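# Understanding the architecture of this molecule
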Amino acid sequence: DIGMPGLVQCQASPEIAALYASILAGGDPTGIGQTIGLTGTTTLTLLDCCMLRDTDTDLAWYAALTGSVDTWPGGAAYKSNDSGATWTLATAATRTMSAKIGSATAILPNADCRVWDKTNRLNVRMQAGATLSSATELAVLNGANAGLLGAHGRWELIQWQIATLESDGTYTLSDLLRGRKGTEHAAGSHASGDVFVVPEATTISQIDVSSSELNAERLFKALTN
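In this text the structure is predicted, and so the values were computed from the model without any measurement. (Residues numbered from 1 in each chain as written. Predicted model: local features only at pLDDT ≥ 70, side-chain atom pairs only at ≥ 80, totals over all residues. Heavy atoms only, no water.)

### Quick notes on the overall build of the chain
A tally of helices and strands in the chain yields one helix and 14 strands. With the C-alpha coordinates of the chain rotated into their principal frame, the extents come out at 120 × 50 × 30 Å. When the 225 residues of the chain are sorted by exposure, 33% land in the buried category. The contacts of the chain with a sequence gap of at least 6 include a subset with a gap of at least 24, amounting to 65%. Element-wise, carbon and sulfur atoms account for 54% of the exposed surface of the chain, whose accessible area totals about 13600 Å². Taken together, the 14 basic and 22 acidic charged side chains of the chain have centroids lying 9 Å from each other. (Helix = DSSP H or I, 4+ residues; strand = E, 2+ residues; numbered from the N terminus. Buried < 20%, exposed > 50% of the residue type's maximum accessible area, 1.4 Å probe, protein only. Contact = heavy atoms within 4.5 Å. Areas by Shrake-Rupley, 256 points an atom, 1.4 Å probe, with all protein chains shown as cover. Lys, Arg positive; Asp, Glu negative; His and termini not counted. Charge placed at Lys NZ, Arg CZ, Asp CG, Glu CD.)

### Considerations on the pattern of salt bridges
Scanning the entire structure with this criterion turns up ten salt bridges. Between Arg-125 and Asp-168 there is a salt bridge, with its nearest N and O atoms 3.8 Å apart. Of the two residues, Arg-125 sits in strand E8 (residues 122-126) while Asp-168 sits in the loop between strand E10 (156-165) and strand E11 (171-180), which places them 43 residues apart along the sequence. In this structure, Arg-154 engages Asp-194 in a salt bridge whose closest nitrogen and oxygen atoms are separated by 2.8 Å. Of the two residues, Arg-154 sits in the loop between strand E9 (146-150) and E10 while Asp-194 sits in the loop between E11 and strand E12 (195-198), which places them 40 residues apart along the sequence. Residue classification places Asp-194 among the buried residues on the basis of a relative accessible area of 3%. Through salt bridges with shared partners, one network takes in Lys-79, Glu-213 and Arg-218. (Salt bridge = Lys/Arg side-chain N within 4 Å of Asp/Glu carboxyl O.)

### Some points on the pairing of E9
Most of E9 is tucked away: five of the five residues are buried. Burial of the side chains of E9 extends over both faces: Ala-146, Leu-148 and Gly-150 are buried on one face and Gly-147 and Leu-149 on the other. The pairing of E9 with E10 spans four bridges and is antiparallel. When the sheet's bridge partners are listed, Leu-149 is paired in E10 with Glu-156. Hairpin remark: E9 followed by E10, antiparallel, with five residues in the connecting loop; positive phi at Gly-153, about 90 degrees. Where E9 and E12 come together, three bridges link them in antiparallel fashion. Residue pairing for E12: Leu-148 is matched across the bridge by Val-197. (Pairing = 2+ DSSP bridges.)

### Thoughts on the sheet that holds strand E7 (residues 100-104)
Spatial strand order, E7-E8-E11-E10-E9-E12: six strands in a closed barrel with antiparallel pairing. Strand-to-strand, the axes of this sheet are offset by a mean angle of 45 degrees, without reference to chain direction. (Axes fitted to C-alpha atoms, helices over the stretch in contact; angles between N-to-C directions.)

Without other data, these values stay purely geometric and don't point to any function.
So this is what it looks like as structure tokens:
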């Protein structure tokens, strides 16, 4: 700042480190604890099988969705009618609608489907922490404890009375009713690793199709929420 000829006036701040040191102690921060859970992959199982309910249509496929971990948040299945160019929502499931899906660890032998199969055992490993339970003989005869075992073209609907949890986490199902709802043709066609699905009203849905789609190729894909 030039106030007069030959005089320069300046203003400055002192650079003394002690003047900038705070004597206040910091406090511990507060926050909300948060855990980021695993979402896992989504498994879509399409079932072209017997009609499970009288109100269902024999044209449509059944669909079951589940996750690879028990923290699965839900998922959806999409369908393409044009070889993957476009996709439309076919069905969706929340975490509470996760289907009970597993696989057989050994081959279930053939049996007489007219009587109780008390000889053979079915051992299955379930996905995402799904559990199985036992039921009374009367409850089974009234429709409890049903499962679809097999693969495309050879689904057998079975029922079990006793479910035994093994030390390796698998379940052994015994006292079986075989070939339910006209699926006795598949009783002798099983293989190790066959898919096992428990068809429950809240977890199994039908994907709408029209008669014009018979024998037409369609693509499906499953995504996690």
